[in-house]
Amino acid sequence: MNQRRLRANEHIRELAAQVYVSHKDFIQPVFVDEALTERQSAKHLTGVYTETIESVLQQTEKDIAAGVTKFLLFPVPARKSENGFSFDFAAEVTKRLKQTFGNSIWLANDVCLCSYTTHGHCGILSKEGDRLLNDDTVMVLADYALQLTHAGSDCIAPSDMSDGRISAIREALDTNGYDVTAIMSYAAKFSSSFYGPFRDVCKSAPGKSQLSNRTTYQLDYRNSKDAMATALRDAKEGADILMVKPALPYLDIVQTINKEITKPIAVYHVSGEYAALEFLAQQQLGERAALHKEVWTAFKRAGASVIISYASREAKEWLL
Ligand code: PBG
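Residues numbered from 1 in each chain as written. Predicted model: local features only at pLDDT ≥ 70, side-chain atom pairs only at ≥ 80, totals over all residues. Heavy atoms only, no water.

## Concerning the overall build of the protein
Moving on, step 1. Across its full length, the protein carries 11 helices and 10 strands.
Moving on, step 2. The globule rule puts the C-alpha radius of gyration for 320 residues at 20 Å, and the 20 Å found for the protein is close to it.
Moving on, step 3. Dimensions along the principal axes, computed over C-alpha positions, put the protein at roughly 70 × 45 × 40 Å.
Moving on, step 4. Of the contacts formed within the protein by residues at least 6 apart in sequence, a portion of 74% connects residues at least 24 apart.
Moving on, step 5. As displayed, the protein has an accessible area near 15200 Å², and 50% of this comes from carbon and sulfur atoms.
Moving on, step 6. Here the protein carries 36 positive and 39 negative side-chain charges, and the mean point of each set is 6 Å from the other. (Helix = DSSP H or I, 4+ residues; strand = E, 2+ residues; numbered from the N terminus. Rg over C-alpha atoms; globule rule 2.2 N^0.38 Å. Contact = heavy atoms within 4.5 Å. Areas by Shrake-Rupley, 256 points an atom, 1.4 Å probe, with all protein chains shown as cover. Lys, Arg positive; Asp, Glu negative; His and termini not counted. Charge placed at Lys NZ, Arg CZ, Asp CG, Glu CD.)

Put into structure tokens, the structure is as follows:
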């Protein structure tokens, strides 16, 4: 008995493979910080920068030349408050990018309040600071989404986990003539310990309130039924792409959603997951490209069609 014939050489292994990852599957996250005058390396995220408006335009030009065309934008505003937010900076970055590069890029915008609020939560809190006000938050997010769309966004990606935000955003866009603008919902977003480096870059860690973490709105990782319920709900409310986040510890969720719902699934290989692989590579305990390729393939095997990775810029070279 030889069970190894299909592994005997690269040719037959290629033929026997059932999953291929392409650089076309990727979205590159991009950080732009209003307070910066020069771009900075993102702490703990090798190869990632926090950009200024000018530097993000230069970087995007290079990216397009290198075949990287899909982006997820995270603005970091200079001013924080508890209520009453200005989205002008986010709109400005969006406008400059789309005016400069038009349809040679596809620009998705993260929509959340965590880098806008003094307390770092993803929405507006009650006076006592002990709970998130769902409906007040949703109203603000719908307005934010509309301003970004008006500035040229191709896709709105709400990451807050409030209830009803997808239908509120869809309605705000449709009634203003933006029915082609897509929504990529952070549908199954878990309360996770893997967001650390991101929160550092976006200055968005929750603190300074009675709510010390996001467990009252992000999903509990022991409850997969809740993840299925939010995914079904967001699909019904009009989300075009459903995201599961973090990625690697939640591939069972990807698999179940993929069986039940006929919408493409995106996985977000989040900052802590990325940093963990980069640490292995830095310590020479694994080869960087090989580590990333292995997890990317696992994402596709589980049923994801979109991969959001901080190493998207490397995908073309690594996947040749
Ligand atoms: C904001 C948001 C977070 C991430 C994306 N959007 C952090 C959080 O919920 O605290 C995490 C991304 C990453 O870790 O790479 N709501």
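## Some thoughts on the site of the ligand
Moving on, step 1. Lining the immediate environment of the ligand, one finds 18 residues, of which Lys-189, Arg-199, Lys-245, Ser-271 and Tyr-310 sit closest.
Moving on, step 2. Arg-214 places a polar side-chain atom, nitrogen or oxygen, 2.9 Å from an oxygen atom of the ligand.
Moving on, step 3. Between the ligand and the protein, one listed contact pairs an oxygen atom with a side-chain N or O atom of Tyr-310 at 2.6 Å.
Moving on, step 4. In isolation the ligand offers 400 Å² of accessible surface; the protein chains occlude 100% of this area.
Moving on, step 5. Considered class by class, the residues forming the shell around the ligand number 10 nonpolar, 3 polar and 5 charged. (Near = heavy atom within 4 Å. Polar contact = N/O pair within 3.5 Å; in protein donor to acceptor, adjacent residues only side chain to side chain. Nonpolar A, V, L, I, M, F, W, Y, C, P; charged D, E, K, R; others polar.)

## Notes on unusual backbone geometry
Moving on, step 1. The residue after Lys-245, namely Pro-246, is reached through a cis peptide bond having omega -15°.
Moving on, step 2. Relative to the helices and strands, Pro-246 resides in the loop between strand 8 (241–245) and helix 8 (251–260).
Moving on, step 3. Phi is positive for Lys-203, close to 50°, though the residue is something other than glycine.
Moving on, step 4. The class of Lys-203 is partly exposed, set by a relative accessible area of 44%.
Moving on, step 5. Of note, Gln-284 is a non-glycine position whose phi angle comes to about 55°, a positive value.
Moving on, step 6. Inspection of the secondary structure puts Gln-284 in the loop between helix 9 (271–282) and helix 10 (288–302).
Moving on, step 7. Under the relative-accessibility criterion, Gln-284 is labelled exposed at 73%. (Buried < 20%, exposed > 50% of the residue type's maximum accessible area, 1.4 Å probe, protein only.)

## Concerning the pattern of salt bridges
Moving on, step 1. Tallying each qualifying case throughout the model produces 17 salt bridges.
Moving on, step 2. Residues Asp-154 and Lys-98 are paired through a salt bridge, measuring 2.8 Å at the closest nitrogen-oxygen approach. With Asp-154 in the loop between helix 4 (134–150) and strand 6 (155–158) and Lys-98 in helix 3 (residues 88–101), this residue pair connects regions lying 56 residues apart in the sequence. Both residues of the pair, Asp-154 and Lys-98, belong to the buried class.
Moving on, step 3. Across the salt bridge formed by Glu-314 and Arg-288, the nearest N and O atoms sit 3.1 Å from each other. (Salt bridge = Lys/Arg side-chain N within 4 Å of Asp/Glu carboxyl O.)

## Looking at the packing of helix 3 against helix 4
Moving on, step 1. It is at 8 Å that the axes of helix 3 and helix 4 come closest, and there the two elements cross at 30°. One way to sum up the angle between helix 3 and helix 4 is to call them roughly parallel. As helix 3 packs across helix 4, the resulting crossing turns out to be right-handed. Between helix 3 and helix 4, the contacting residues are Asp-88, Ala-90, Ala-91 and Thr-94 on the first element and Tyr-144, Gln-147 and Leu-148 on the second.
Moving on, step 2. Partitioned by chemical class, the residues of the contact of helix 3 with helix 4 number 4 nonpolar, 2 polar and 1 charged. (Axes fitted to C-alpha atoms, helices over the stretch in contact; angles between N-to-C directions. Parallel < 35°, antiparallel > 145°, perpendicular 65-115°, else oblique. Left-handed = near helix turned anticlockwise from the far one by under 90°.)

## Considerations on the nonpolar core
Moving on, step 1. Counting residues in each nonpolar core, the largest one holds 84 residues, and the members touching the most others are Leu-72, Met-184, Ile-257, Tyr-268 and Trp-296.
Moving on, step 2. By residue number, the principal contributor to this core is helix 10, which donates 7 residues.
Moving on, step 3. Membership of the second largest hydrophobic core comes to 14 residues, among which are Val-68, Val-93, Phe-101 and Leu-107. (Core = buried A, V, L, I, M, F, W, Y, C linked by side-chain atoms within 4.5 Å.)

## What to know about the environment of Asp-136
Moving on, step 1. Within the secondary structure, Asp-136 is located in helix 4.
Moving on, step 2. Residues Asp-136 and Leu-125, 11 residues apart in the sequence, show an inter-C-alpha distance of 9.1 Å.

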